[in-house]
Amino acid sequence: MDGRRIKLSDVARDAGVSPATVSRAIAQPELVSPETLAKVMASAQRLGYLPDGAARALASGRSMTIGAIVPTLDSAIFARALQAMQATLAQSGYLLLVASHEANPAAETQAVRALLGRGVDGLMLVGAERAPETTALLRASGLPVVLTWCGDGHFTAVTIDNARAGRLAAEHLIGLGHRRIGVIVGQLRFNDRQRARLDGARQALVAAGLSLPDSLVVEQALTLAGGRAGCAMLLDLDAPPTALIGGIDVFAIGCLEEAHARGMAVPQDLSVVGIDGLDMSAHVSPGLTTVHVPTGQIGNLAAQTLMAMIGHQAVDSERVLPVELVVRRSSQQLPVRSA
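Quantities reported herein were computed from a predicted structural model and do not represent experimental measurements.

Cut-off values and rules
Residues numbered from 1 in each chain as written. Predicted model: local features only at pLDDT ≥ 70, side-chain atom pairs only at ≥ 80, totals over all residues. Heavy atoms only, no water. Pairing = 2+ DSSP bridges. Helix = DSSP H or I, 4+ residues; strand = E, 2+ residues; numbered from the N terminus. Axes fitted to C-alpha atoms, helices over the stretch in contact; angles between N-to-C directions. Buried < 20%, exposed > 50% of the residue type's maximum accessible area, 1.4 Å probe, protein only. Right-handed = clockwise from strand over helix to strand, strands pointing away.

So, about the sheet that holds strand 1 (residues 65–70). A sheet is described by the order of its strands in space; here six strands give the open sequence 2-1-3-4-5-11, paired in parallel fashion. Edge positions in the open sheet fall to strand 2 (95–100) and strand 11 (318–321), since each of these has one partner strand only. If you compare each strand with its neighbour and ignore which way they point, the axes differ by 15° on average. Bridging between strand 4 (residues 145–149) and strand 5 (residues 156–160) involves four bridges; their strand directions are parallel. Residue pairing in the sheet places Trp149 in a bridge with Thr159 of strand 5.

Looking along a regular strand, one sees the side chains alternate between the two faces of the sheet. In terms of residue burial, strand 6 (residues 181–186) counts as a mostly covered element, since six of its six residues are buried. Of the two faces of strand 6, the one lined by Ile181, Val183 and Val185 and the one lined by Gly182, Ile184 and Gly186 are each fully buried. For strand 6 and strand 8 (residues 243–246), the ladder comprises four bridges, and the chain directions are parallel. Bridge pairing in strand 8 places Ile181 opposite Ala243. In terms of strand pairing, strand 6 meets strand 7 (residues 217–220) through four bridges, oriented parallel. Its bridge partner being in strand 7, Val183 is matched across the sheet by Val217. Remark: the strand 6/helix 9 (residues 192–207)/strand 7 crossover connection has right-handed handedness.

Here we come to the sheet that holds strand 10 (residues 289–292). With mixed pairing, six strands are arranged side by side in an open sheet as 7-6-8-9-10-12. Bordering the open sheet on either side are strand 7 and strand 12 (324–326), each of which pairs with just one other strand. On average, each strand axis in the sheet is tilted by 20° relative to the strand beside it, whichever way the strands run. As paired elements, strand 10 and strand 12 share three bridges and run antiparallel to each other. Directly across from Thr290, in strand 12, lies its bridge partner Val326.

Keep in mind that these numbers describe shape and distance, not what the molecule does.
If you want it as structure tokens, here you go:
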């Protein structure tokens, strides 16, 4: 198109039906034949049409809503960021609408389309990796967009140095004398945060003259059970690691549980380090050494940045928040084994 906003009449013309039929297909799809509905929806998607209510909100005012799309709602990490976002947005009278995509690029595209259709005034997304169709939708919308955890150099972002988080975890264990270190990460496909943390750990090992073979890297679902399963796989190796890094704290806590179930003492028999700094990590036994990520601050700054962008204020293209190692009792110097 020529850059103007797509209207209902454009969809009708493209689909070869009347504007009334398009309106009916969108508002009451059950009243339209499947063949006609498919034609209308295909044209709407191809043209990037937003329903009239959303179009009015975007063109003439504000809906006072912000959309946030996260990988999963079953996560203390994202829950804290969303809570911080909502608290900050509420101060300006905004409501947060939340969707998740479960690491499915097509589901993220659908969520973006749905939130745009509801007329949100801005969007927060996690990570920089997504389907080209999603990126095109975001750019075509003209809305303020803030990426979190990882940036892509194109959209405004509030991030952390995920590679540094991985390096800090590995350097801590290397400094304690560990030479054979295993890493448990989430599924690396469509998860740039986990890939960067793994890369950082590998960089630290290589810099110390060590290596991280594929046999010491396990991908698991981002759950406590995933952490236990990954830990079990690594401990069952003929030459098991003396220390483990969890790409998220939940993995590391799963490692503690698996070690305890095997009668192993942490950190005497196995050192464990996580990444995230969840509140619960200070209260497990032993207390978990972790790389703290300012999750609440990410949510707070994402909300503040979106509010500033909506108000046409200048913002930094990327804010990189610091991460720091928090040493507790789950890691210790590698004991010297007698010959």
